[in-house]
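Descriptive analysis of the structure
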Amino acid sequence: MSRLFENAAAFPSDALAVEDADGRATYAELLERSAFAARFLLRFFECSDLAERRVAFLCPPGAQYAAVQWGIWRGGGVAVPLGLTHPPAELEYAARDSQASALIAGVEEAARLNSAAQNINRPLLTAPLPDAPPGSLPRLPPERRAMILYTSGTTGRPKGVVSTHGNLDAQTRCLVEAWEWSPADRMLHALPLHHIHGIVNGLTCALYSGAACEFLPRFDADAVWERLAEGGVSVFMGVPTMYSRLIQAWEAAPMEKRAVWSKAAGRLRLAVSGSAALPVSLFEKWRALSGQALLERYGMTEFGMALSNPYRGERLPGTVGFPLPDMEARLTPAGEIETRGEAVFLEYWNRPKETAEAFQDGWFRTGDIAVKDESGRFRILGRRSVDIVKTGGYKVSALEVENALMELPQIQECAVVGLPDEEWGERICAAAVLKNGAELNLKTLRNLAKERLAVYKAPSRLLVVKALPRNAMGKVMKPEVKRLFERIEETVGRSA
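Analysis parameters
Residues numbered from 1 in each chain as written. Predicted model: local features only at pLDDT ≥ 70, side-chain atom pairs only at ≥ 80, totals over all residues. Heavy atoms only, no water. Helix = DSSP H or I, 4+ residues; strand = E, 2+ residues; numbered from the N terminus. Disulfide = S-S within 2.5 Å. Buried < 20%, exposed > 50% of the residue type's maximum accessible area, 1.4 Å probe, protein only. Axes fitted to C-alpha atoms, helices over the stretch in contact; angles between N-to-C directions. Parallel < 35°, antiparallel > 145°, perpendicular 65-115°, else oblique. Left-handed = near helix turned anticlockwise from the far one by under 90°. Contact = heavy atoms within 4.5 Å. Nonpolar A, V, L, I, M, F, W, Y, C, P; charged D, E, K, R; others polar. Core = buried A, V, L, I, M, F, W, Y, C linked by side-chain atoms within 4.5 Å.

**Examining unusual backbone geometry**
For the bond running from Ala127 to Pro128, omega is 5 degrees, close enough to zero to count as cis. Structurally, Pro128 is set in the loop between strand S6 (124–127) and strand S7 (145–151). Unusually for a residue other than glycine, Glu180 sits at a positive phi of about 55 degrees.

Written out as structure tokens, the structure reads:
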């Protein structure tokens, strides 16, 4: 990401880079804070180059996050962002699997990383990192590893997706060009920062362009509407669930407030939806209340974004548009999307077999099935694997959830599937066979599951059954499990 730092140094020193609950940071201040972090890490490890040491970090959204991320990069390390909503077991898994040399946490987040640091015998450092004696920072060639993000796969446990500096630069550059980012932009950021959407599409694109990135502590529909109504925001990005919540809040508001909020939404230069399929009904409702068409795009952790509806031009509901600049996309005879370009990731961390299986003749196999219309627009039909559930913008492994649920003392066996849902894209649903004499309701299941899984991975429906449907070979038939939920609505529990 050398270009990112070169750009930051070229912007006016007093230009606003990040605003958060704790204040504001200019580009000059962000460069200074990240240099402090880089030099501290180099002194801590007694080296002149971190040489791709992995550093996992858990920081609140805002300037502290950006300074730590940039500091790891500028010191020559590999940044491993951790999820603020993840339970200790998932935080430890990412730190252990990435073989992190150190963990960094904000003051309020440090307690949540204590056990992980102790269990893997790695130091826990507290941000903001102090300054260290001045010194030169290492070069960052494009082929150097820069970041590991964890994404669920069909094997169950999340895989570490390794992107190089060249990959990240390509991912950012194509979006800046396609979506016409400029220093005049101000983005309202409410996305998670352990996910490609929030890291690259939001934060990095803004800072690459000289724009300002304003953070909310978390997504709250009313807070987003009130901030938009204040004015000055030009870019907003969300997953379909967020737009659904915004629409619900708008519908619940009095008429005079609706008018103010609609005017505010109409002032946005760019409103993007992604990370899950956008229902046509949401597209139409947003257009009706704002006068604007949401820009839907398609991407994955492994390559950032590959397809996008046009910034200038018609945006058709239900489609994800055309290949982005410098990205290629094609459909196999079976309809699977394959993509290639500089943005495509380097490897799955320490998983050479899965890395090799992910590529076909130099093309990355996405596992998503699509069709193209006569103009070349792509429309996503679904996943190749039934063991991937896309919910609320996240890709969740059904196998990972099943493995966690099988640790519960009440459950003898279970099967997890995704069912269509207008708000979430898909809901995570668990069918369970209980042990003799055991009792289990949805509330208890969710509370127990959240001790082992991120909250968005916890099932929101539970169906207790006497036996799971299996084929002659004894394999659970996931389509039949889905039909059980569809047929027995009265016995399905729902989360509040």
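That covers the picture; the talk isn't over yet.
**Notes on the state of the cysteines**
By the definition in use, this model includes zero disulfides. Free of any disulfide, Cys174 has its nearest cysteine sulfur in Cys205, 7.6 Å distant. Under the relative-accessibility criterion, Cys174 is labelled buried at 3%. Residue Cys213 stays outside any disulfide, its sulfur separated by 10 Å from that of Cys205, the closest cysteine. Among the residues examined, Cys213 registers a relative accessible area of 1% and is labelled buried.

**Structural notes on the packing of helix H9 (residues 240–252) against helix H11 (residues 280–290)**
Interaxial distance between H9 and H11 falls to 10 Å at its minimum, and their mutual angle equals 45 degrees. One way to sum up the angle between H9 and H11 is to call them oblique. The way H9 lies across H11 gives a crossing that is left-handed. Taking contact as the criterion, the partners of Pro240, Tyr243, Ser244, Leu246, Ile247, Trp250 and Glu251 in H9 are, on H11, Leu282, Lys285, Trp286 and Leu289. Partitioned by chemical class, the residues of the contact of H9 with H11 number eight nonpolar, one polar and two charged.

**Here we look at the nonpolar core**
If you look at the biggest cluster of nonpolar residues, it comprises 96 residues, and the most contacted ones within it are Trp73, Trp181, Trp225 and Trp286. Residue contacts for Trp225: discarding those within four places in its chain leaves Leu246, Ala249, Trp250, Trp261, Ala265, Trp286 and Leu289. The next biggest cluster of nonpolar side chains, apart from the first, holds 24 residues, and it includes Leu434, Leu445, Tyr456 and Leu462.

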